[in-house]
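Chain by chain, the residues:
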Amino acid sequence: MLLMKNILYIGNDLKQNNSNISVIRILGPLLQTEGYNLSYASSKPNKIWRLLDMLYEVIRHRKWSHIVFIDTYSTQNFYYALLISQLCRFLGLAYLPILHGGNLEKRLIQNIKLSQFIFGYAYINVAPSNYLKQIFQNHGYDNIAHIPNSIVIKNYDFKNREFNNPRLLWVRSFNKIYNPKLAVNVLKALTDIGYNASLCMVGPDTNDGSFQDVKAIANELSVDVRITGKLAKQEWIELSKDFNVFINTSNIDNTPVSVIEAMALGLPVVSTNVGGIPYLIKNGEQGLLVEKNGVDEMVKAIETLFEDSNLRTEIVNNARKKAETFSWEYVKDKWNEVLLKES
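Reading guide: rules and limits
- Residues numbered from 1 in each chain as written.
- Predicted model: local features only at pLDDT ≥ 70, side-chain atom pairs only at ≥ 80, totals over all residues.
- Heavy atoms only, no water.
- Helix = DSSP H or I, 4+ residues; strand = E, 2+ residues; numbered from the N terminus.
- Expected span 1.5 Å × (residues − 1).
- Buried < 20%, exposed > 50% of the residue type's maximum accessible area, 1.4 Å probe, protein only.
- Contact = heavy atoms within 4.5 Å.
- Axes fitted to C-alpha atoms, helices over the stretch in contact; angles between N-to-C directions.
- Parallel < 35°, antiparallel > 145°, perpendicular 65-115°, else oblique.
- Left-handed = near helix turned anticlockwise from the far one by under 90°.
- Nonpolar A, V, L, I, M, F, W, Y, C, P; charged D, E, K, R; others polar.
- Salt bridge = Lys/Arg side-chain N within 4 Å of Asp/Glu carboxyl O.
- Pairing = 2+ DSSP bridges.
- Patch = residues over 30% accessible without salt bridge, like charges linked within 9 Å, V, L, I, M, F, W, Y side chains within 5 Å.
- Areas by Shrake-Rupley, 256 points an atom, 1.4 Å probe, with all protein chains shown as cover.
- Core = buried A, V, L, I, M, F, W, Y, C linked by side-chain atoms within 4.5 Å.
- Phe/Tyr/Trp six-rings, centres within 6.5 Å; stacked < 30°, edge-to-face > 60°.

Digging into helix H3 (residues 77-91)
With 15 residues, H3 extends 21 Å between its outermost C-alpha atoms, agreeing within 8% with the 21 Å of an ideal straight helix rising 1.5 Å per residue. Among the residues of H3, Asn 77, Phe 78, Tyr 80, Ala 81, Leu 82, Ile 84, Ser 85, Leu 87 and Cys 88 are the ones counted as buried. At the C-terminal side of H3, Gly 92 shows a positive phi close to 75 degrees.

Right, dumping it as structure tokens:
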């Protein structure tokens, strides 16, 4: 048995106001608690310098590393993953792409050969959702394991909430793929039918125009939206005590940690039925799912939560149980199974 004890973790280890805490800073420390030694790259804010630093760290750690983790997305980062993975191949290093984002299938279709270079030669590909695992298997990749994103469940106190008026909480980056404008339109629709509803939106501005769009549409519709910007995890968890419905408005998605966290906190979730969401939430059991851009559907789902207390109670209890399966105490065994197996 080979104990892959030294791990070089390649990802965007950025500490900026326009990004949420990265996976690299959640998973890495948890693995360290299990006895693995980790080194990280890169925290360089400039994209070119960050890529060069990543490549340099792979070369520098080539004799130290048992395996290289590569956070892999469908965006420009895809090409980072391509270069890092091919350098690992050249140096004879095992590498493990960790798959993120609900749009990776687009790369598998449009960049077939490049995808094969990255994923086909990997030690193993790790999919945080069964949704992505199924997509990769459909495209012929069998070197893939499902290991979900993890939360430390003891940090999430389950809270019973009052359901007098809808107090909506939205937690995500302000980005077009997460369709934050839908949240504002839902608030407006609820107030139009007589609810004294409120909305708080938590997350960083990714500078794609979504943040300003939300402010503009809120002003146009004359609704009061509280926007906090980026908050530390403990800050938004404390804030969540004042709210009673969590809404997820994405057009493209995988298995968002913020939704899992809401489930753990006892917040009933109303989400668009996209990407990996139906693999996380079964409609009517752990939450309510609606079609993307469905203002009226989302409003109706929120009304259902307020009108049917039995269903609401069943949903939040089932959701908490589902969230507990993402506990590190459960997930760490899956990582150990992958990292301790014979190579």
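After that view, the rundown keeps rolling.
Brief notes about the side chain of Arg 320
Checked against the element boundaries, Arg 320 lands in helix H13 (residues 309-324). For Arg 320, a relative accessible area of 16% gives the class buried. Not counting residues up to four positions away in its chain, the partners in contact with Arg 320 are Ile 153, Tyr 156, Phe 158, Met 263 and Ala 264.

What about the packing of H3 against helix H5 (residues 112-120)?
Where H3 meets H5, the axes come as close as 9 Å, and the angle between the chain directions of the two elements is 55 degrees. Put simply, H3 runs oblique to H5. Two packed elements cross with a definite hand, and for H3 against H5 that hand is left-handed. Every residue of H5 that contacts H3 at Phe 78, Tyr 79, Ala 81, Leu 82, Ser 85, Gln 86 and Arg 89 is listed here: Leu 114, Ser 115, Phe 117, Ile 118 and Phe 119. Tallied by class, the residues present in the contact of H3 with H5 amount to eight nonpolar, three polar and one charged.

What about the pattern of salt bridges?
This model, assessed by the stated rule, comprises ten salt bridges. Among the ionic pairs, Glu 261 bridges to Lys 233, the shortest N-O distance being 2.5 Å. Here the residue Glu 261 occupies a position in helix H10 (residues 257-265), and Lys 233 occupies one in helix H9 (residues 233-239), the gap between them amounting to 28 residues. With its nearest N and O atoms 3.1 Å apart, the salt bridge here joins Lys 241 to Glu 238. For Glu 238, a relative accessible area of 44% gives the class partly exposed. Ionic contacts of the salt-bridge type, sharing partners, join the residues Glu 34, Glu 329 and Lys 332 into one network.

Considerations on the sheet that holds strand S9 (residues 225-229)
With parallel pairing, six strands are arranged side by side in an open sheet as S9-S8-S7-S10-S11-S12. Only two strands of the sheet have a single partner each, and these edge strands are S9 and strand S12 (288-290). Going from strand to strand, the sheet's axes swing by 20 degrees on average, the running direction of each strand aside. Those strands touched by H10 are strand S7 (167-171), strand S10 (245-248) and strand S11 (269-272), and its axis lies near 165 degrees from that of S10.

Re helix H7 (residues 180-192)
Along an α-helix, residues three or four positions apart point the same way, because every turn accommodates 3.6 residues. Compared with an ideal rise of 1.5 Å per residue, which puts 13 residues at 18 Å, H7 spans 19 Å between its outermost C-alpha atoms and is within 8% of the ideal. Just past H7, the residue Gly 194 takes up positive phi, approximately 105 degrees.

Topic: a nonpolar patch on the surface
Together, Ile 48, Trp 49 and Leu 52 give the surface a local cluster of nonpolar side chains, amounting to about 370 Å² of exposed area. Tracing the sequence through the fold places Trp 49 in helix H2 (residues 47-60).

Here's the deal with the nonpolar core
Val 184, Leu 199, Met 201, Ile 247, Val 270 and Ile 302 are the most contacted members of the largest nonpolar core, which totals 35 residues. Of all the secondary-structure elements, those providing two or more residues to this core are S7, H7, strand S8 (198-202), helix H8 (210-221), S10, S12, helix H12 (295-307) and H13. No other element matches H7, which puts seven residues into this core. Ranked by size, the runner-up nonpolar core spans 30 residues in total, among them Ala 41, Leu 82, Leu 87 and Ile 135.

Here we look at unusual backbone geometry
In the segment running from Ala 41 into Ser 42, the intervening peptide bond is cis, with an omega of 15 degrees. Relative to the helices and strands, Ser 42 is located in the loop between strand S2 (37-41) and H2. Here the phi dihedral of Asn 207 falls at roughly 65 degrees; this positive angle occurs in a residue that is not glycine. In this fold, Asn 207 is placed in the loop between S8 and H8. Unlike most non-glycine residues, Asn 293 shows phi in positive territory, near 65 degrees. One can find Asn 293 in the loop between S12 and H12.

Describing the packing of aromatic side chains
Tallying each qualifying case throughout the model produces twelve aromatic pairs. For the pair Tyr 9 and Tyr 40, a centre-to-centre distance of 6.3 Å together with 25 degrees between the ring planes defines the contact as stacked. Here Tyr 9 is found in strand S1 (residues 6-10), whereas its partner Tyr 40 is found in strand S2, with 31 residues between them in sequence. No difference in accessibility class separates Tyr 9 from Tyr 40, as the two residues are buried. Between Tyr 195 and Phe 306 the ring centres are 6.4 Å apart and the planes differ by 55 degrees, which places this aromatic pair in the tilted class. With Tyr 195 in the loop between H7 and S8 and Phe 306 in helix H12, this residue pair connects regions lying 111 residues apart in the sequence. Exposure remark for Phe 306: the relative accessible area of 14% places this residue in the buried category.

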